[in-house]
Structures are given as C-alpha cells and as structure tokens.
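Chain by chain, the residues run as shown.
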Amino acid sequence: DIINHGEKVLGITFETIVRYKIIELCDHLPYYLHLLATSSAKSAIVSGESVISSTHLDEGIKLAATDADQTLRVSYQDAILSVKRSEIYKQSLYSLAALVDSAQTVASIAQKLNEIASKSGKSNVTPQAVGHAVKKLATSERGNILTLKQNRFYSFTNPLMKGFVRLMQEQE
C-alpha cells in the first residue's frame, strides 16, 4: 500500500523486482519500507526518471542507511568495532539479520555465518568463535545490541536494528 500510494502521488513506477527487494529488505517494518521506497524514488527523480530500477534501489539503500535513525547507526558502529580488524562481530550480526525468526541460537547463527562465508569465498568460523562474539554483542561493552532470551536465544534488542543491519550488509 505504501509503495502503491507513492507511485500514484509522485507519478512514478517501481519495477517488480525492486518492489520485491524492498519488501524483503524492510523485514515487514513500515519504517524501512517507507525509508527505502522514498530513498529509491529520490534517486530516480534526481536522475529525471520515473521508473525506479535496481540502480535506483542501490542508491536508495545508501541514502536510507545514511538517513536511518542515528542511534541505530551509532549502536551498529560501536558493536562492530574491532581492534584486531576482525569481522566476526559484523558477520554475526549479518547472519542473525539474515535468519527468518527474530530469536536464534548460537548454532543457527554460526551455521548461517559459515553459509554466507562460503558463498563469498571467506573462511569458515568455529561455532565457539561465533558464540564468543554473540555473547559479547549482548554486553554493554558492545552496546547491548543483542539480547539473550531464555538462556539460549539471541535477538536484536531494538527491533529496527535487524532491518538496519540488512541495509548495511546490502551495501557491501
């Protein structure tokens, strides 16, 4: 409905693939749906085009990540910061965000992380390393970006963070 309304008001059209990608990325949260649709439409309008393509969506993702709530950006940056330049925190967040259910075990996060790593030609990570990283992400040292539920399930503390992490991952 949000995309249809925007199309009518602005006299633009979203390509079908772009519609599906926006819906996938927004994780059914109206905040991100509106942010992505608006940012993609801005990109097209600035280019003088009335059809929003994948190129406009890519630009829209960058704009949306910049325009997203500052507390999300700061929390994310604090969480992934690593003295050793390790990407384990970022990879763990990407993996949790890529999983369907909001609360996941360390084992499922590790499995998803290694699935993503193998697709991108990166080395696998041990479940113990993922467990250590995920546990740290649920501490004040890492901004409590994750919450431990029922002594074995982790989820994002802020429900909007999952969508933000997906935006950040999509930019890479």
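Here, the structure is the one placed above.
In every chain, residue numbers begin from 1 and rise along the written sequence. Only residues with pLDDT of at least 70 are given local features in this predicted model, and only at 80 or more are side-chain atom pairs given and counted; all residues enter the totals for whole chains, interfaces and linings. Only hydrogens and water are removed before side-chain values are computed, so all heavy atoms of the structure are retained for them.

A. Examining the environment of Val134 more closely. Numbering of helices and strands runs from the N terminus; a helix is a DSSP stretch of H or I covering at least four residues, while a strand is a stretch of E covering at least two. Looking at where Val134 falls in the secondary structure, it is placed in helix H8 (residues 127-137). Separated by 24 residues in the primary sequence, Val134 and Ala110 place their C-alpha atoms 9.6 Å from one another. A contact between two residues is defined here by any heavy atoms of the two lying within 4.5 Å. Once residues within four sequence positions are removed from consideration, Val134 is found in contact with Ser92, Val106, Ile109, Leu146 and Tyr154.

B. Structural view of the pairing of strand E3 (residues 146-149). A strand pair is defined by DSSP finding two or more bridges across the two strands. Relative to strand E4 (residues 153-156), E3 runs antiparallel, the two sharing four bridges. Each bridged residue has a counterpart across the sheet, and for Leu148 the counterpart in E4 is Tyr154.

C. Fine view of the pattern of salt bridges. Put simply, a salt bridge is a Lys or Arg side-chain nitrogen that is within 4 Å of an Asp or Glu carboxyl oxygen. For the structure on display, the rule yields seven salt bridges. Here Glu87 ties to Lys122 by a salt bridge, and the two come within 3.4 Å at their closest N and O atoms. With Glu87 in the loop between helix H5 (70-80) and helix H6 (88-98) and Lys122 in the loop between helix H7 (106-119) and H8, this pair connects stretches of sequence that are 35 residues apart. By relative accessible area, Glu87 is classed as partly exposed at 34%. Residue Glu141 pairs with Lys136 through a salt bridge whose shortest N-O separation is 3.1 Å. Partly exposed residues are those whose accessible area sits between 20% and 50% of the maximum for their type, while under 20% is buried and over 50% is exposed, using a 1.4 Å probe and protein chains only. Taking the relative accessible area as the measure of exposure, Lys136 reaches 21% and is therefore partly exposed.

Remember, this is a structural readout, not a statement about activity or role.
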